[in-house]
Amino acid sequence: VVSTQSTGAGGEVFKSFHAEELMHMVSGMHDFNFADLEQITEYKGGYSPDDPVIRTFWEVVQELELGLKKKFLCFLTGSDRIPIHGIHSIKIIIQKVKDNSRLPVAHTCFNLLDLPPYANKEMLKEKLLLAIKNTEGFGLV
């Protein structure tokens, strides 16, 4: 529990929270269950959960190490942290775009991913990794 010595702006409010609860409110959750994220994702532009490109996309994301999963989340949402209400509180939309020569593009304000229908898993993984490794989020420095 947070010290009862808390003073200043909102000091009384902080007394009703445990330290872990405050940490989650400030820094976000660390539960990276991307299977849950897959279940709540919406699709547009001709994609559906059963589309082969989408199946491959989620396979690639699930295979990423934790550090790259965080970078993917940052690429998509602008933050590498899960909101306090959990991953279910993130609304993700993946939409099909026609140009296979382009990298995936994320619109962080809308949690929207433009994903071309790449021909195979290797190309999808290569393009996705290139996109997520060369992004910057809105995190605190």
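First, a word on what this report is: a plain description of the structure on this page. Since this is a predicted model, take the numbers as computed values, not measurements. Sequence order as written defines the numbering, with residues in each chain counted from 1. Reporting in this predicted model follows two pLDDT cut-offs: at least 70 for local features of residues, and 80 or more for side-chain atom pairs to be given and counted; totals over whole chains, interfaces and linings ignore these cut-offs and use all residues. The side-chain numbers reported here are obtained from all heavy atoms of the structure, hydrogens and water having been left aside.

Comments concerning the packing of helix H4 (residues 52-63) against helix H6 (residues 121-133)
- Structural elements are reduced to axes, namely lines fitted to C-alpha atoms, with helices fitted over the stretch in contact, and the angle between N-to-C directions of any two is expressed from 0 to 180 degrees. Counting from the N terminus, the helices are DSSP H or I runs at least four residues long and the strands are E runs at least two residues long. Between H4 and H6, the shortest axis-to-axis distance is 10 Å and the interhelical angle comes to 55°. Classified by the angle their axes make, H4 and H6 are oblique. Considering only the axes of H4 and H6, their crossing is right-handed. Between H4 and H6, the contacting residues are Val53, Thr56, Phe57, Glu59, Val60, Val61 and Glu63 on the first element and Lys121, Leu124, Lys125 and Leu128 on the second.
- When residues are grouped by polarity, Ala, Val, Leu, Ile, Met, Phe, Trp, Tyr, Cys and Pro land in nonpolar, Asp, Glu, Lys and Arg in charged, and all others, Gly among them, in polar. Partitioning the contact of H4 with H6 into residue classes produces six nonpolar, one polar and four charged. The labels follow the angle: roughly parallel below 35 degrees, roughly antiparallel above 145, roughly perpendicular from 65 to 115, and oblique for the rest. Note on convention: near helix rotated counterclockwise from far helix by under a right angle means a left-handed crossing. Clockwise means right-handed. Contacts are assigned to residue pairs with any non-hydrogen atoms lying within 4.5 Å of each other.

Considerations on the packing of aromatic side chains
- Centres within 6.5 Å make a pair out of two Phe, Tyr or Trp rings, where for Trp the six-membered ring is used; the pair is then stacked when the planes are under 30 degrees apart, edge-to-face when over 60, and tilted otherwise. For the structure shown, the criterion picks out three aromatic pairs.
- Aromatic side chains Phe34 and Phe72 sit 6.2 Å apart centroid to centroid with 55° between the ring planes, which places their arrangement in the tilted category. Of this pair, Phe34 sits in helix H3 (residues 34-40) while Phe72 sits in helix H5 (residues 66-77), placing them 38 residues apart in sequence. Neither Phe34 nor Phe72 differs from the other in exposure class; each is buried.
- Aromatic pair Phe57 and Trp58: ring centres 5.0 Å apart, planes at 75°, arrangement edge-to-face. Here Phe57 matches Trp58 in class, with each residue buried.
- Among the aromatic residues, those joined into a cluster by ring pairs are Phe34, Phe57, Trp58 and Phe72. Each residue's exposure class comes from its accessible area (1.4 Å probe, protein chains only) as a fraction of the maximum for that residue type: buried when under 20%, exposed when over 50%, partly exposed otherwise.

Observations concerning the sheet that holds strand E4 (residues 112-115)
- The strand order E1-E2-E4-E3 describes an open sheet built from four strands, whose pairing is mixed. Only two strands of the sheet have a single partner each, and these edge strands are strand E1 (42-44) and strand E3 (105-107). If you compare each strand with its neighbour and ignore which way they point, the axes differ by 20° on average.
- Think of it this way: DSSP has to see at least two bridges between two strands before they count as a pair. Bridge count for E3 against E4 is three bridges, and the pairing is antiparallel. Among the inter-strand pairings, His107 is bridged to a residue of E4, identified as Leu112.
- Most of the contacts of H4 go to E4, to which it runs at about 115°, and overall it touches E1, strand E2 (93-96) and E4.
- Relative to E3, H5 is tilted by about 60°, and along the sheet it contacts E3 and E4.

What about the pattern of salt bridges?
- Counted as salt bridges are all cases of a side-chain nitrogen of Lys or Arg within 4 Å of a carboxyl oxygen of Asp or Glu. A full pass over the atoms with the stated rule returns four salt bridges.
- For the salt bridge of Glu42 with Lys91, the shortest nitrogen-to-oxygen distance reads 3.9 Å. Taken as a pair, Glu42 in strand E1 and Lys91 in the loop between H5 and E2 lie far apart in primary sequence, 49 residues in all.
- The exposure class assigned to Glu42 is partly exposed, which follows from its relative accessible area of 36%.

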